[in-house]
Amino acid sequence: MTSARADDHLLDELQTVTLTVNGSRRSVAVPPHRTLLDGLREEVGLPGTKSCCAEGECGACTVLLDGRAVNSCLVLCVEAEGHEVTTIEGLSQDGLTDLQEEFLNAGAVQCGFCIPGQVVAAEYLLRTNPSPSEDEIREGMSGNLCRCAGYQRIVRAVQATAARRSGGDD
Amino acid sequence: MPNYYRPTTRADALAALAAAGEGARPLVGGTDLLVGLRHHTLEPELLVDLKGVTDLPEPIVVTDDGVRIGPTLTLGELVAHPVVRGWFPALVEAALTVGSVAIRNRASLVANSCNASPAADTAPPLLVHDARVVISSQEGDRTAALEEFFLGPRRTLCGPGELVTRLDLPRPEEGSGSAFRRLTRRRGVDLATVSVAARIDADGHVVLGLGAVGPRPLRTEPSAAVDPADEAGVDRVLDEQLEIASPISDVRGSREYRLAMLRVLAKRAVLAAADRRHPREMAS
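**Things to note about the overall build of chain A**
Phase 1 of the analysis: The number of helices and strands found in chain A is six helices and five strands.
Phase 2 of the analysis: Overall, chain A shows an N-to-C arrangement of helices and strands of β-β-α-β-β-β-α-α-α-α-α.
Phase 3 of the analysis: If one aligns the C-alpha atoms of chain A with their principal axes, the spans along those axes are about 60 × 35 × 25 Å.
Phase 4 of the analysis: Split into buried and exposed, the 170 residues of chain A put 45% on the buried side.
Phase 5 of the analysis: For chain A, long-range pairs separated by at least 24 residues make up 57% of all intrachain contacts whose partners lie at least 6 apart in sequence.

**Topic: helix α10 (residues 231-241) of chain B**
All names here are of chain B.
Phase 1 of the analysis: The complete set of buried residues in α10 reads V234, V237, L238 and Q241. For α10, the buried positions fall inside an angular range of 100° around the axis, keeping them on one side. The outward face of α10, more than 90 degrees from its buried face, is lined by the exposed residues A232, D235 and D239.
Phase 2 of the analysis: Against β13 (206-211) and α11 (255-275) lie the buried residues of α10.

**Here's the deal with the domain arrangement of chain A**
Residue and element names in this part refer to chain A.
Phase 1 of the analysis: Along its sequence, chain A is carved into domain 1 (4-91) and domain 2 (98-165).
Phase 2 of the analysis: Taking the mean C-alpha position of each, domain 1 and domain 2 sit 23 Å from one another.
Phase 3 of the analysis: The partner domain 2 presents 12 residues to the 13 residues of domain 1 that form the contact.
Phase 4 of the analysis: Mapped by element, the contributors of at least two residues to the side of domain 1 that touches domain 2 are β3 (62-65) and α2 (88-91).
Phase 5 of the analysis: Per element, the largest residue contribution to the side of domain 1 that touches domain 2 is three residues, and it comes from β3.
Phase 6 of the analysis: Here the residues of the side of domain 1 that touches domain 2 are counted per class, giving eight nonpolar, four polar and one charged.

**Observations concerning the interface of chain B and chain A**
How large an interface is tends to be reported as the accessible area lost when its parts come together.
Phase 1 of the analysis: Counting from both sides, the interface comprises 22 residues of chain B and, opposite them, 27 residues of chain A.
Phase 2 of the analysis: In terms of residue class, the side of chain B that touches chain A is made up of 10 nonpolar, eight polar and four charged.

**So, the nonpolar core**
Phase 1 of the analysis: Counting 130 residues, the largest nonpolar core has B:V196, B:A198 and B:A269 as its most contacted members.
Phase 2 of the analysis: Examining the composition of this core, we find that eight residues originate from one element, α11(B), more than from any other.

**Structural notes on helix α6 (residues 151-165) of chain A**
Residues and elements named next belong to chain A.
Phase 1 of the analysis: Its 15 residues give α6 an end-to-end C-alpha distance of 21 Å, which sits within 8% of 21 Å, the value for a rise of 1.5 Å per residue.
Phase 2 of the analysis: Tucked inside the fold, the buried residues of α6 contact α3 (98-105), α4 (115-128) and α5 (134-140).
Phase 3 of the analysis: Within two residues after α6, G167 carries a phi angle of roughly 90°, on the positive side.

**Overview of the sheet that holds strand β12 (residues 194-200) of chain B**
Residue and element names in this part refer to chain B.
Phase 1 of the analysis: The sheet built from four strands is open, its strands ordered β11-β12-β13-β14 with antiparallel pairing. Of all strands in the sheet, those with a lone pairing partner are β11 (177-183) and β14 (218-219), marking the two edges.
Phase 2 of the analysis: Bridging between β11 and β12 involves seven bridges; their strand directions are antiparallel. Opposite R182, over in β12, you have S195 as the bridge partner.
Phase 3 of the analysis: Of the strands in this sheet, β11, β12 and β13 are in contact with α11, which crosses β12 at around 30°.

**Thoughts on the sheet that holds strand β10 (residues 163-170) of chain B**
Residue and element names in this part refer to chain B.
Phase 1 of the analysis: The strand order β4-β5-β10-β6-β7 describes an open sheet built from five strands, whose pairing is antiparallel. At either margin of the open sheet sits one strand with a lone partner, and together these are β4 (60-63) and β7 (140-145). Along the sheet, successive strands turn relative to each other by an average axial angle of 20°, direction set aside.
Phase 2 of the analysis: Inspection of the sheet shows β4 paired to strand β5 (residues 66-69) by four bridges, in the antiparallel sense. From the neighbouring strand, V61 faces β5, where its bridge partner is R68.

Rules behind the numbers
Residues numbered from 1 in each chain as written. Chains lettered and ligands numbered in written order. Predicted model: local features only at pLDDT ≥ 70, side-chain atom pairs only at ≥ 80, totals over all residues. Helix = DSSP H or I, 4+ residues; strand = E, 2+ residues; numbered from the N terminus. Buried ≥ 20, exposed ≤ 12 C-beta atoms within 10 Å, placed from the backbone. Contact = placed C-beta atoms within 7 Å. Arc of directions from axis to C-beta. Domains from an automatic or database assignment. Nonpolar A, V, L, I, M, F, W, Y, C, P; charged D, E, K, R; others polar. Core = buried A, V, L, I, M, F, W, Y, C linked by C-beta atoms within 7 Å. Expected span 1.5 Å × (residues − 1). Pairing = 2+ DSSP bridges. Axes fitted to C-alpha atoms, helices over the stretch in contact; angles between N-to-C directions.

Written as structure tokens, this is what we have:
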């Protein structure tokens, strides 16, 4: 063994975590250092939540934890014991949501990698502020980076969804 | 890799911190701690998650004399609190610049203070608002002014076996105002290049809190009374107040650039704070 970083974690003690994911109770056995992000992708089997910077800078891993948007790379799986997690799969259990449709209509999806996080962040924004101004959208989504720089269209998609939900016609 | 412990009582949390000593880290939001774990800059043996503890101080309690903040209050809850918004506008402005919505939904104000980053956005306003902390251990509680609490980069008065269980902010005097200004390279998810909080009382005494221009967040002593309309007078006060700044050059800016921007931001913060001295006008 050359350094602490060469340790493997096969022998780490596992802890059983029971949480609700997209409405279903799930139990997973994870080492204490496993992030919620990795737990969702690898143990629960939901790869929609993306792993990118893994340090809370990019927002690709955004999920709702008890209804609040969080970076799942900055939450330990063991911290989620007894809590409720909603991922992009949970938002779109009945097919594409209005928000996802508006992302497509606006041409906001380029490479697509950041989109699950963008959609979850936008859903949280619209639930907490149903008719956000453009500035509020930009502020609310500032933790979600798009390397294709599709920001204008992402803002338009959120505006269109807000209008649609308020009964408007855009 | 650390073990994880989620106590339900304050006594159990303090016992675990005492037993593990230097090897223990309290965990609340984890937005800084998990980054440290990932980069191996932090290698604790034990994480003590405070979110399951039922007998810690409430997240926020408002009294006639001020507000008391517990370790589990998130920055998101802080910025949405109507009394905090009315009494501590500089703190709200600063907290709104931390990370992103998702970060603020997890990050704790008290834990952010305990990390003692010299660039912590919440530190300058907490300093100008005369924050005090309660540090608890199995031996009992002690209190300290936040200014004494910050010792150096990532070093505080809170030692092994100790936990900051409360942060108190006294109610600002009638007729005082506060504001926060900062410079970053990009809006959102970036650390401050320079940050300044200013408070000015009804008679024109100015106190500044400075971030990212020294080894720890700095607080100035109250200045002589100044009329914000008197530009030369404000400049004189800033000359004196900003002498304590000793920034370094790094990836976010050179020492010279930081000093120049500090001057600009400090003036803006003082003038904005002065404009807020009459809360009734602000509410409209």
